[in-house]
Amino acid sequence: MKILVINSGSSSIKYKVFDVRDSLTLASGKLEKIGESTSRLTCRWQNSVGGREETQQKRHVRDHREGFAWIVTSIVEQGAVSDESEIFAIGHRVVHGGEIFRDPALIDGKLIETLRSLVPLAPLHNPANLVAIEIALERFPNVPQVAVFDTAFHQSLPPYAYHYALPYEFYPDYHVRRYGFHGTSHHYVAQQAARYLQRPIESLHLITLHLGNGASVTAVKEGKSIDTSMGMTPLEGLIMGTRCGDIDPAVIFYLNRRTGKSSEELEDILNEQSGLKGVCGVNDMREVEKLANSGNRRAQLAINMFCYRIRKYIGAYTAVIGRVDAVVFTGGIGENSSFIRKESCHGLSHLGIVIDGRKNRRSRGGIFEIQGDRGAVKVLVIPTNEEIEIARQTVYILQRNS
Ligand code: ADP
């Protein structure tokens, strides 16, 4: 049963093809720079004898429609599916599901209308998701398609955690509240942690840290998200590659008065020019670490700020869930940077969080434990796999609706 998973951004489309029966990734890839003269499609796939292959091609791709067509052709040419009819279903990542979607949902005309009504909540993300859905429906009108929402896992937050202390009417009138994002990843690694620890998820108290270009932390109590660092948009919370995370909102009004920059310009600065990039000029953590190691003060400051913010949230969420069974690191940084893991847990032994230097440095694929003998709290590194979670949820929804 082959499922195509699509994650569409404003100028990129990521895809994966899974055979969900044996959880096998048959092909994956990314089309970048849509709309530019050098759009680039990177494809990885498993050949007929089980070997791994990779290609990278460049050409001008005018829009998402052309990009999607190129991806489908490549998937067939590379043999991930023998022809298009082998695609059993398509799962779409959708960033914002508002308060409407607590679960993934089968896509039909009504759902698309509902998604359109949610665009004002996520103008930077949902339009690209919608475009991909419409194109995929045009191309595969008879293939069932499912929307999986980044916000859905966090719909279990209690009101005192999701309300902002603003005039109450902003909530019913404009839907202003905390929604949280990266839900598919937090949910996936929480389930993986439960499986690894051989305990029912309903018995576990976890703090899950998704540290990639975007970064967020979630308090997962008995399988449910009860607080999370991202807010009404993905801007709140941890320091990220280019996003500022938590700041005093008055900074925005002050900068507006002092610099004359418009709210759109300031929104762009907070989303695209801040975070690690704002502090030290680069947003890729590998480069930040390299600069810091070579003595660059700004890069050292950026890392200190990044890890300090994580420690603050670990402390806060320990108070929120009472007892912590495990802290989970995931995402590109969480899975790969032993230095950031070490610094993020530094000085937390009074909370039972202690990292073993040797175990932490031993980087290998799959799930591994890095806590020290003195630590009561397990510290786990768990590779995330949002796409396989989307594929599974897609199958689950199809079975539920059949
Ligand atoms: P996205 O949020 O776009 O999915 P990823 O989860 O792939 O991003 O994470 C990207 C981040 O992970 C980048 O900042 C990258 O530098 C960082 N990263 C990847 N490998 C390493 C590594 N070995 N050491 C430090 N950072 C790493």
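Our subject is the structure that appears above.
Heads up: these notes are all about the structure in this document.

## Focus: the nonpolar core
In step 1: Within the largest apolar cluster, 44 residues are counted, with the highest numbers of intra-cluster contacts made by Leu 211, Val 288 and Phe 306.
In step 2: Elements supplying a minimum of two residues to this core: β9 (205-211), β10 (215-221), α9 (275-280), α10 (285-293), α11 (297-321), β12 (326-330) and β14 (378-381).
In step 3: The element contributing the most residues to this core is α11, with 10 residues.
In step 4: In this view, Val 288 contacts Leu 276, Cys 280, Val 282, Ala 299, Ala 302 and Ile 303; residues no more than four positions away in its chain are not counted.
In step 5: Among the nonpolar cores identified, the runner-up in size contains 29 residues, and Val 146, Ala 190, Ala 194 and Leu 204 belong to it.

## Considerations on the pattern of salt bridges
In step 1: Enumeration according to the criterion identifies 19 salt bridges in this entry.
In step 2: Close ionic contact of Arg 65 with Glu 138 constitutes a salt bridge, the shortest N to O distance being 3.1 Å. Taken together, the positions of Arg 65 in helix α1 (residues 64-77) and Glu 138 in helix α3 (residues 126-139) put the pair 73 residues apart, joining distant regions of the chain.
In step 3: For Arg 65, a relative accessible area of 42% gives the class partly exposed.
In step 4: Of the charged contacts, one joins Arg 116 and Glu 134 as a salt bridge, the two residues approaching to 2.3 Å between their closest N and O atoms.

## Details of a nonpolar patch on the surface
In step 1: A cluster of nonpolar side chains, namely Leu 166, Phe 170 and Tyr 174, defines an oily patch on the protein surface of about 320 Å² accessible area.
In step 2: Following the sequence through the fold, Phe 170 ends up in helix α5 (residues 170-174).
In step 3: We classify Phe 170 as partly exposed; its relative accessible area is 34%.

## Description of the sheet that holds strand β8 (residues 145-149)
In step 1: With mixed pairing, the 8 strands of this open sheet are ordered in space as β5-β4-β3-β2-β1-β6-β8-β7. The open sheet terminates on both sides in strands that have one partner only, identified here as β5 (52-59) and β7 (105-106).
In step 2: Two strands pair when backbone bridges link them, and strand β4 (residues 39-46) and β5 are joined in this way by 8 bridges, in the antiparallel orientation. Within β5, the position partnered with Gln 46 by the bridge is Arg 52.
In step 3: Where α1 meets the sheet, its contacts fall on β1 (2-8), β2 (13-19), β3 (24-32), β4 and β5, and the angle it forms with β2 comes to roughly 30°.

Conventions and cut-offs
- Residues numbered from 1 in each chain as written.
- Predicted model: local features only at pLDDT ≥ 70, side-chain atom pairs only at ≥ 80, totals over all residues.
- Heavy atoms only, no water.
- Core = buried A, V, L, I, M, F, W, Y, C linked by side-chain atoms within 4.5 Å.
- Buried < 20%, exposed > 50% of the residue type's maximum accessible area, 1.4 Å probe, protein only.
- Helix = DSSP H or I, 4+ residues; strand = E, 2+ residues; numbered from the N terminus.
- Contact = heavy atoms within 4.5 Å.
- Salt bridge = Lys/Arg side-chain N within 4 Å of Asp/Glu carboxyl O.
- Patch = residues over 30% accessible without salt bridge, like charges linked within 9 Å, V, L, I, M, F, W, Y side chains within 5 Å.
- Areas by Shrake-Rupley, 256 points an atom, 1.4 Å probe, with all protein chains shown as cover.
- Pairing = 2+ DSSP bridges.
- Axes fitted to C-alpha atoms, helices over the stretch in contact; angles between N-to-C directions.

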